[in-house]
Structures are given as structure tokens and as C-alpha cells.
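Reading the structure
Below are the chains, spelled out letter by letter.
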Amino acid sequence: MFSSLASAAGGQHNPNKDYEVPSAPTDGISSLTWSPRSNHLVAGSWDSHLRCWEVYNTPTNATPKTGIKYDAPVLCTAWSGDGTRVFAGGCDSKAQVWNLATNQLTQVAQHSAPIKSIHWIEELQTVVTGSWDKTIKYWDTRSPTAVSTVNLPERVYCMDFGYPLAVVGTAERHVLIYDLRNPQVEYKRMVSPLKYQSRVITCFPDKTGFALGSIEGRVAIHHVEDKDSTSNFAFKCHREGNDIFSVNSIAFHPTYGTFATAGSDGAFNFWDKDSKQRLKPFPRANQPISAAGFNSDGSIYAYAVSYDWSKGSEYYNASQPNHILLHPTTDLEIKTRNARPKKR
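Here we summarise the structure given alongside this text. Model, not experiment: these values are computed from the prediction.

What follows is about the overall build of the protein chain. Of the regular secondary structure elements, the protein chain holds one helix and 30 strands. For the protein chain, the C-alpha radius of gyration of 19 Å lies close to 20 Å, the compact-globule estimate for 344 residues. Overall, the C-alpha framework of the protein chain stretches about 50 × 50 × 40 Å when taken along its three principal axes. Considering only contacts within the protein chain whose residues lie at least 6 apart along the sequence, 48% involve residues at least 24 apart. Accessible surface, the protein chain: about 14400 Å² in total, of which carbon and sulfur atoms supply 48%. On the protein chain, the mean spot of the 35 positive side-chain charges and the mean spot of the 32 negative ones are 3 Å from each other.

Here it is in C-alpha cells:
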């Protein structure tokens, strides 16, 4: 039976006893992203706010740095390469850039439907937005007109970039692959190897393929080139008895190439795709994990314990608080066993 509520976790939002970030959003947390240059964490949320914290390692803790009211619920966020700006897209079909030094918002993109995914491509000095209007658009932030528009067969549900690789998952289980050296031309199109709706897609650190997660508690490990197809496989995760939960986040460790999944069951797990094993499971929280990710050196895994809206407004409980937690990672739980660290 498909499910999306982590209802069997004994009422604890922090069963792992991880550090809790202060001043969390007051509504569903849709996005968590780390600065590539420092330990600053940004959250976008359904309360139409962007918030930023400065995070410290020893011991792990965080201090609210700044925040700003957005024009609509925020669905996605991305940092600029220099860590001075944050790009955000939301339900008003606009993308804006948040200048952290001036604490000002400036519009940089426009679609005709909500923007589900946003990314900064450092190699192209370009913002890329993916929307429910069935397009992805490339933007020079100095111009209000898109540099290029790529039409898609369906609405964008998930998207990721690791130059030169771009991967897009849409409605109706389409997966589209692009080479960013020629981004207007589709490199390859396929039907998802998973039987149900795509939820999250993440490029491998070596850019040879991607991990795809679906609403049916399953992840596919897939390579771009046919010559590597013997290494493709899928596995079940985020399931409890007959209950099946969505995979909401897949994040690769920046040093070891292992990865974490987080789901609507309120749990996160660390995995090694090369040895096809789970490195460590973690206890379930009492709400879904809606967003998650590693900081730039992989020493901290941040995750949001928050309703993920996958069962609609009927199951929304306004009295249920939202939480952002920081888990300090150790080599014992995240490092590839009997293998050397992988280069990015």
C-alpha cells in the first residue's frame, strides 16, 4: 500500500539525536541547499520565506544568519558558485536571485507555470529553471529574456546537473538526458526504469549516470552510455511491511561517492552503489523527510523533517512543527568499504 506519512516513529522528530537548527520554517520545507563555498545552509518553504543559517562543525550547531519574505511558496533553491547569491523558484512561476549581502530579491526568470527545479551552472555562468509548463529555460541573469528554451514532453518533476551532464525527469515517466556543451539538443530519451512517478534525480559525481527515485520506494542506478548498462540496477528502500513510501531525496557524498536517500517514511539511509549495499540505516522520524543534502566537504548531512504535501491538504496538520536537523557524518557510516575516496 502506498503511503506518505511517517506515522510509526513513536512521536519523535529526532530519534537520531541530531542537532536541531533554530528558527525553522513555519510551513512545509521544500528545499535545503548548502553553499559550495562555506557552511551556510538555505531553506525554501511553503510559508513563502527563504532562510539562511551559518553552521559550525565542532560541535555541530547553527545560528540564523538572515532571511527574506518571498512572493509565493518556494519550491526550489540553488546557490551561485561563489556563494554570494541564492536562486529560488516557486509557485508564482518566477525565479528570483537573493543577494545575501544586500538582502534584496531580483527577478531573473519567468515561466507560465510554477518552477519545480532551479540550478546554477558555474561552467556556463547560467541559471537553469525547470517548470510545470513543460519547458526548461537557460538564463543570463543580466537579461530578462531566456538565452534558450527547451520544450519537453511533460511537466518537470525533478532535474539535476553535473557539467557536462544534465538529466530531467518529467511526468509520465520520461527521462531526458542532455550534454550541456550542446544543451538545446536532446542527447538521449528513455522511459524511467521504475514503474511509478519520478520524484528525485541526481547525477553521479563522475557524471557517467544518475540515481532516480520514485514514489514507490525504489531507486534506479542508471548509466548514460549503453556500454555501461551491465552496471544498471534498481533496489527497494523506504518501505515498512506493506507500506511503501516516496523517495524524496538522493544526495551523493562529495568525497566518497556513496549516497544518502531520504523518504516519506521519515528515515534516511546511507548506501554504496558500487558494492550494492546499505552502509547504514537510521531510525525513522515521525514526519516525512522532505529535503536533504551534504555540505561541501560531506562532514554534515542536513535533513528537513516536515510534511511533504504528497497526500494533499487533507493530511496537513498546521500544529505539527517543522524541523531541520544536522547529522555529523563519520567515515565508519559513509565511507566506501575497502575502497579509496573518489575524485569529483
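This paragraph deals with the side chain of H323. You can see H323 is positioned in strand β30 (residues 323-328). A polar side-chain atom of H323 sits 2.5 Å from a polar atom in the side chain of E20. The residues contacting H323, other than those within four sequence positions of it, are H13, E20, A24, I29, Q287, Y303, A304 and V305.

Turning to the pairing of strand β12 (residues 135-139), a few remarks are in order. Within β12, five of the five residues are buried, which leaves the element mostly enclosed by the surrounding structure. Burial along β12 is two-sided: T135, K137 and W139 and I136 and Y138, pointing in opposite directions, are all buried. Taken together, the four bridges between strand β11 (residues 126-131) and β12 define a ladder with antiparallel strand orientation. Paired with G130 across the two strands is I136, which belongs to β12. Linking β11 to β12, which pair antiparallel, is a turn of three residues; within it K134 sits at a positive phi near 70°. Of the pairings in the sheet, the one linking β12 to strand β13 (residues 148-151) comprises four bridges and is antiparallel in character. Paired with I136 across the two strands is V150, which belongs to β13.

A sheet is described by the order of its strands in space; here four strands give the open sequence β2-β3-β4-β5, paired in antiparallel fashion. With one partner strand each, in any of the chains shown, β2 (29-34) and β5 (61-69) form the two edges of the open sheet. Adjacent strand axes in the sheet meet at a mean angle of 20° when their direction is disregarded.

This part covers the nonpolar core. Generally speaking, soluble globular proteins have nonpolar side chains that are buried together. F268, F270, F294, Y301 and Y303 are the most contacted members of the largest nonpolar core, which has 17 residues in total. Elements that contribute at least two residues to this core include exactly β25 (259-263), β26 (268-272), β28 (289-294) and β29 (300-305). If sequence neighbours within four positions are ignored, F270 has contacts with F259, A260, R278, L279, K280, F282, F294, Y301, H327, T329, E333 and I334. By size, the runner-up hydrophobic cluster in this structure holds 15 residues, among which are L32, L41, A43 and I300.

Another aspect to go through is the pattern of salt bridges. Tallying each qualifying case throughout the model produces 15 salt bridges. Its salt-bridge partner being D92, residue K94 comes within 4.0 Å of it at the nearest N-O pair. Here K94 falls in the buried class, since its relative accessible area comes to 18%. A salt bridge links E216 to R239; the nearest nitrogen and oxygen atoms lie 3.7 Å apart. Here E216, found in the loop between β19 (209-214) and β20 (218-223), pairs with R239, found in strand β22 (residues 239-240); they are 23 residues apart in sequence, far enough to count as distant. A relative accessible area of 6% places E216 in the buried class. What emerges from the salt-bridge pattern is a single network uniting D71, D92 and K94.

Moving on, we come to the environment of F252. Relative to the elements of secondary structure, F252 occurs in strand β24 (residues 247-252). Distance from F252 to E154, taken between C-alpha atoms, is 27 Å for residues 98 residues apart in sequence. Excluding residues that lie within four positions of it along the chain, F252 makes contacts with T202, C203, F204, P205, A211, G257, T258, F259, K273 and F294.

The next thing to look at is the side chain of T261. Residue position: T261 is located in strand β25. Residue classification places T261 among the buried residues on the basis of a relative accessible area of 0%. If we skip the residues at most four places from it in the chain, T261 touches V219, H238, V247, S249, I250, A267, F268, N269, W271 and Y301.

Here we come to the sheet that holds strand β10 (residues 115-121). Sheet architecture is open: four strands sit in the order β10-β11-β12-β13, paired in antiparallel fashion. Since the sheet does not close on itself, it has two edges, and those belong to β10 and β13, each with one partner. The sheet shows a mean angle of 15° between the axes of neighbouring strands, taken without regard to direction. In this sheet, β11 lies alongside β10 in antiparallel orientation, the contact comprising six bridges.

Rules behind the numbers
Residues numbered from 1 in each chain as written. Predicted model: local features only at pLDDT ≥ 70, side-chain atom pairs only at ≥ 80, totals over all residues. Heavy atoms only, no water. Helix = DSSP H or I, 4+ residues; strand = E, 2+ residues; numbered from the N terminus. Rg over C-alpha atoms; globule rule 2.2 N^0.38 Å. Contact = heavy atoms within 4.5 Å. Areas by Shrake-Rupley, 256 points an atom, 1.4 Å probe, with all protein chains shown as cover. Lys, Arg positive; Asp, Glu negative; His and termini not counted. Charge placed at Lys NZ, Arg CZ, Asp CG, Glu CD. Polar contact = N/O pair within 3.5 Å; in protein donor to acceptor, adjacent residues only side chain to side chain. Buried < 20%, exposed > 50% of the residue type's maximum accessible area, 1.4 Å probe, protein only. Pairing = 2+ DSSP bridges. Axes fitted to C-alpha atoms, helices over the stretch in contact; angles between N-to-C directions. Core = buried A, V, L, I, M, F, W, Y, C linked by side-chain atoms within 4.5 Å. Salt bridge = Lys/Arg side-chain N within 4 Å of Asp/Glu carboxyl O.

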